[in-house]
Each structure stands twice: as structure tokens, then as C-alpha cells.
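# Working through the structure, step by step
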Amino acid sequence: MTGSFTVRNHGIVKMTNATFSAVASFSVKDSARLEIHSGTIITPTALAVDIDEDARLYLNEGRTMQVADFHYGTTRAKGGAYYQGPDGTNEGAIVIDQIEGPGCIYVPAREVETTFATWDGGGADTDIRTKENWEEDALPDLDEGGLVATFGSAGSLATVGADATFKGIVFNATDKPDGRTNDFAIVGAKTMNILSEGLVALAPSADEYYHYTLGAPLNLQAEQVWTLPSSGKTVLDVTAPISADSSKFGISLGGAATVNLRASNTMAGGWTISNTTVYASADDAFGVTDVSDPHGVSVSKAGQVRLLGSHTYDKSFSLTSSAPNAGPYPTMLATQDGTTNYITRAVSTSSGQYLQCGKNALLVLEGGLSCGGYFNLNGGAGSRVVVTNKSFNG
């Protein structure tokens, strides 16, 4: 965002991870409010801030600027900066957590205390904002972003009826005394914002099958690590779309579980798949590519990507570092019989990896194919792999 920025009347504008490039001035008029929760403000020489008496400008929530005019030019400070208010006192002062270099104000993300809560499904409905659905009938804070919530030890369903923000999600389907299955699903039309703790799926018994479902839209507000069990008997179904606040926010999957991606996703971050088997069954199931900040899908060790149905994928794929003794197909990209799939970005493999094309299937690699040695191409009867627009290297 460049130039001058003005909020008027009773408007409320909230921004997270925003970058204001070459901004000359902020004006917050009337009784409007502008909140910049995290991000960077880059000014060419000086930043003029004009705040009306009843208006508010927040740099990091809770820090209020109420001065008539503030110029920031070549001043440099670390660890916090303080400016007096218009009457020479602390009243209405500007407080900025950190200033980085001439002409650049950095607004750090606000730290929120981590809290923990466990779902017990004791309410009359399945809504996550029904307090009786949580242990001790205490409704946790679902808005601030400090909550690590555990689901699965009781009940089988939670519904997201209003947007909610979690620091992390834990699935832990401990043995249920009433004989119910080990399945648990979070569903709903509203968005679950996920922060830095990502997701953990537990398999309390290595001999049991566990089926967890993420069926509410997900929005990534930080880089993700999703930790899965190593038993191979756990399935994570992601049936709703995944978006992200930044193209840098991707997902790392670790563990010998199965992940189903059943929706088209708009996230532009990368995927790191290690040992996990991922089934994709929608266009852009791995998200899209931001050409200015491209991130692809990296498959390693005994990881596998299996494309179900006929779809188009706007991601690059890289197959590397097979694990020893991992079976006949240690690291692979595979398609289903009778399907047509397009991969619009580059596919690359290190030596010894596997591409598998099903019977009477077509796999079109529009971004080319490169190999750091030999690779294994397994094709069923009538299968075709076509490399278009780019030459084959290997």
C-alpha cells in the first residue's frame, strides 16, 4: 500500500501482516479506528499522522496514538520508542514497540498468553461457543489466538458457528468408555484461524484406527507444522478450503498417516511431506503459486502424493531423498486409472524416485520434468505421460 491512507466517519479497519510502502501520511478522522496489528510501515522521509480527537490509531493493539501531528524521519531507536503527547505529558503519547532503521517502523505481532482447553461435548448442541461443551463448562477465549484446544476424548463432532482463532489444534481420541468409534470431526461454514502451534493428531493406541476431519474453512496465520502419528492407521480428512494470510505460510506434514485434501485451496505457501501419504482430489488441492514468491510441494523419505480423479495443480513438485527399505515405492507421485491430470509447474526428482501413471491415464507436465539421475516411470496399460512446453532434463 502506498501514498496516503485515510479512514473516515465511523469506519473500523484492522490489518495484520500489512506492509505500507512509501506511505506519506495516515489520517484517522471523525470517530474512525485504524488498527495495524503487525507489519511494516516504510516511509520515504517523514510520516505525518493526523488523528482526530475522537479517532484512534493502534500500532499493535492497545497502543493508542492521539496526537495531532507526528513526524518520523531519520530517527533510529531499538527496543521501543516514546513520544510525548500534544500537551507535553504522557496523555495521548505514541508508543511504538520497535523502530528499525531510518524511515521504517516495524509493528510486531502482539504476544498473547497461551491457554489450554479440552472439548467434552457436554452441551445441548455441538457449537464451539457453547460453554457446556468444554471441560468445567468454561468457555475458552476463541478470539485472541492464545488457545490450544484438544478435541476427540469425548463426543464426535464440534461445529464452528462463528469465526474462531486457535494457536493450535490437538486431536486426541482416547478410548471412549461407551464404545463409540475413534472418529472426531470439526465442521462448519465459519473460519478457523490457525496460528503457530499448528496441528497435532494423536493415536493413543497403535492398534486402533483413528479418523479426524477438518471440515471448517482454515486460514493459516503462521507457518504450520502438522504432526501426525507414526502408526500408519490414522487418517486426517481436510474437506474444507485452506487459505493463508501470507504466501510464506505453508504446511509441513510429518508422520506415517494418511491425509486427504478434498477441497480447492487458495494458500500460496509450500508443502513439505515427509513419510505421509497425501491423497489430492480437487483442483489446486495444494493451493496456488504466487509467481512473485513461489512455493511448491516437496516430497521426501517415504512420502507419497496420489492424485485422485482428473484435476489441475498449480504447484511445482519435488521428489527427493528416498528412505532406505521403505518399500517398493519409497517416494512417489502417482495418478489413478482412467484420469487426466495437469501439473502446470515444474516436476523434479532426485535419483531413484517414482512417477506412476494409472491404466489409461494421462499425466501432463506443463512445467517440464527434470531428474538428478535416473527415475522410475511406472505406467499401466494405455497410460501416457506428456511433457509440454519445456524440455525433459535427466
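Before reading further, recall that the structure is shown in the block above.
Residues numbered from 1 in each chain as written. Predicted model: local features only at pLDDT ≥ 70, side-chain atom pairs only at ≥ 80, totals over all residues. Heavy atoms only, no water.

### Regarding the sheet that holds strand β26 (residues 277–280)
We apply this condition: Paired strands are those between which DSSP finds at least two bridges. Only DSSP runs of H or I covering at least 4 residues are called helices, and only runs of E covering at least 2 are called strands; the numbering of each starts at the N terminus. Simply put, an axis is a line fit to the C-alpha atoms, just over the touching stretch for a helix, and the angle between two N-to-C directions goes from 0 to 180 degrees.
Strand order in the open sheet made by the 10 strands is β14-β16-β18-β21-β24-β26-β28-β31-β34-β37, with parallel pairing throughout. In the strand order of this sheet, the two ends are held by β14 (157–159) and β37 (376–379), each with one partner. Strand-to-strand twist across the sheet, computed as the mean angle between neighbouring axes with direction ignored, equals 10°. Across 4 bridges, the pairing between strand β24 (residues 258–261) and β26 is parallel. Its bridge partner lying in β26, T258 is registered against T277.

### Regarding the pairing of strand β31 (residues 332–335)
Counted only if it meets this: Remark: exposure states derive from per-residue accessible area (1.4 Å probe, protein chains only) relative to the maximum for the residue type, with buried under 20%, exposed over 50%, and partly exposed in between.
Residues M332 and A334 point to one face of β31 and L333 and T335 to the other, with burial holding for every one of them. Taken together, the 4 bridges between strand β28 (residues 304–307) and β31 define a ladder with parallel strand orientation. Residue pairing in the sheet places V305 in a bridge with L333 of β31. For β31 and strand β34 (residues 354–357), the ladder comprises 3 bridges, and the chain directions are parallel. Looking at β34, one finds that M332 is bridged to Y354.

### Details of unusual backbone geometry
The bulk of non-glycine residues show a negative phi, and the bulk of peptide bonds are trans. The backbone phi angle of D284 is positive, close to 55°, even though this residue is not glycine. Mapped onto the fold, D284 is located in the loop between β26 and β27 (297–301). A positive phi angle, near 55°, is found at K301, a position not held by glycine. The residue K301 is located in strand β27 in this model. Exposure remark for K301: the relative accessible area of 43% places this residue in the partly exposed category.

### What to know about the nonpolar core
For clarity, the cut-off: For our purposes a nonpolar core is just a set of buried Ala, Val, Leu, Ile, Met, Phe, Trp, Tyr and Cys residues, chained together by side-chain atoms within 4.5 Å. Residues are treated as being in contact if the distance between any of their heavy atoms lies within 4.5 Å.
Counting 61 residues, the largest nonpolar core has F151, F166, F171 and F286 as its most contacted members. In this structure F151 touches W119, W134, A158, F166, I169, V170, F171, N172, F184 and I186, once residues within four positions along its chain are discounted.

### Thoughts on the environment of R262
Just so we agree on the cut-off: For this analysis, a polar contact is any N or O atom pair within 3.5 Å, provided that within protein one partner can donate a hydrogen and the other can accept it, and provided that sequence-adjacent residues contribute only side-chain to side-chain pairs.
Looking at where R262 falls in the secondary structure, it is placed in the loop between β24 and β25 (271–274). Look at R262 and you get partly exposed, because its relative accessible area is 42%. Sequence separation of R262 and D283 is 21 residues, and the distance between their C-alpha atoms is 9.1 Å. Residues within four places of R262 in sequence aside, it is in contact with D237, V238, T239, S281 and A282. At 2.7 Å, the side chain of R262 forms a polar contact with the side chain of D237.

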